[in-house]
Amino acid sequence: MASTVQNLQVLYEDNHIIIINKRASDIVQGDKTGDTPLSDIVKDYLKKKHNKPGNVFLGTVHRLDRPTSGIVLFAKTSKALTRLNKMFQNHEIEKTYWAITSKNLSIKSKDTLIHFLRKNTKQNKSYVTTENAKGAKKAILHYQIIQKLERYQLFEIQLETGRHHQIRCQLASIECPIVGDLKYHYPRSNPDTSICLHSRRVQFTHPVSKENLTITAPISKENLWKFIDPLSE
C-alpha cells in the first residue's frame, strides 16, 4: 500500500527495493540546477525511518525526465542493484506509460511505432532520422488509445527500447505531441511546467525474493489528468 511521507509517495518497499511515485517537479539525480534530487530525499526518508546513524545505500536503477511523473525504482542493497541493472539491460522489466496528447483522428487506435532516433546532446533533444544516419538508434514502442476527450486522447504505451526522450519524440512524429511538452512542439506549457507523461505501471520478478510484482502509480489530479475517467484508474 502506498504511503506518503513529506510529499514522498512510497508505492512499495522491502529490504531490497523501494518504489516511488515521482512528482513531475522532482529530478531523480542531481544536476546543474542544484535542486535536491529524489535520490537524496529517499535516502533521508530511509535514514529517518530505520534510524540509521551512517550513510544509507541507495542505487538508482533508471531515471525519468524531470517534467514526467510516475514510477521510479531504487535499490536498497548492492545485490538488488546489480541484479536490477542486468534485468533492465535484458528487457526483463516491463514498463507501461500513460500520455495525454493532442487528438489526431488520422492515426490508428492501436499500433507499433518504429523510428530511428538521433540525440542532440547540446539541445538535450532527440530527432527522428534515417537508419544510416550517424548516431541513429532504433526505437520501438507499442501503444493503444484508451480514452478520448474532446480535444485530447490518452495513450497507454509499452516500450520495447529505451531511447532518449523516446515517447516524447515518437508521439510528436505522428502529430500527437504530449500536452505541455514545448520541446516536442506542443504549443503551450502546463502551469506547473510538467508534461502529461506518467510512468504508470511496472511489472517484474523481484531480484531477490523472485516474487512477481506489479506496481501501479496513481495519476495526479492536476492539469488534464483530472479529466481522465476514474474507470481507467
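What you see is a predicted model, and the numbers here were worked out from it, not measured in a lab.

### A word on helix α1 (residues 38-49)
Every α-helix carries 3.6 residues per turn, so stepping three or four residues along brings you back to the same face.
Inference 1: Under the 1.5 Å per step criterion, the end-to-end length of α1 is 16 Å for 12 residues, consistent within 8% with the ideal 16 Å.
Inference 2: Among the residues of α1, those classed as buried are Leu38, Ser39, Val42, Tyr45 and Leu46. Across the axial projection of α1, the buried residues extend over an arc of 120°, all falling on one side.

### Here's the deal with the environment of Trp225
Inference 1: Residue position: Trp225 is located in the segment after β12 (212-216).
Inference 2: When the C-alpha positions of Trp225 and Gln89 are compared, they lie 31 Å apart, and in sequence the two are 136 residues distant.
Inference 3: For Trp225, the residues in contact, after removing those within four places along its chain, are Trp98, Ala99, Ile100, Leu154, Cys196, Leu197, His198, Ile219 and Ser220.

### As for the packing of aromatic side chains
Inference 1: Under the definition given, this model contains 1 aromatic pair.
Inference 2: The ring of Tyr184 has Lys125 lying over it, and the distance from NZ or CZ to the ring centre is 5.5 Å.
Inference 3: Geometry around Trp98 places Arg200 over its ring, the cationic atom sitting 4.2 Å from the centre.

### Points about the pairing of strand β9 (residues 137-148)
Inference 1: Pairing between strand β7 (residues 110-120) and β9: 8 bridges, direction antiparallel. From the neighbouring strand, Phe116 faces β9, where its bridge partner is Lys138.
Inference 2: Bridge count for β9 against strand β10 (residues 152-159) is 7 bridges, and the pairing is antiparallel. Of the residues in β10, the one forming a bridge with Lys148 is Gln153.
Inference 3: In this structure, the hairpin formed by β9 and β10 is closed by a connection of 3 residues.

### Examining the side chain of Asn21
Inference 1: Here Asn21 is to be found in strand β3 (residues 17-22).
Inference 2: Within the structure, the side chain of Asn21 is placed 2.7 Å from the side chain of Gln9, a separation counted as a polar contact.
Inference 3: Only 3.1 Å separates the side chain of Asn21 from the backbone oxygen of Pro218, close enough to count as a polar contact.

Analysis parameters
Residues numbered from 1 in each chain as written. Predicted model: local features only at pLDDT ≥ 70, side-chain atom pairs only at ≥ 80, totals over all residues. Heavy atoms only, no water. Helix = DSSP H or I, 4+ residues; strand = E, 2+ residues; numbered from the N terminus. Expected span 1.5 Å × (residues − 1). Buried < 20%, exposed > 50% of the residue type's maximum accessible area, 1.4 Å probe, protein only. Arc of directions from axis to C-beta. Contact = heavy atoms within 4.5 Å. Phe/Tyr/Trp six-rings, centres within 6.5 Å; stacked < 30°, edge-to-face > 60°. Lys NZ or Arg CZ within 6 Å of the ring centre and 35° of its normal. Pairing = 2+ DSSP bridges. Polar contact = N/O pair within 3.5 Å; in protein donor to acceptor, adjacent residues only side chain to side chain.

Read these as geometric descriptors, not functional statements.
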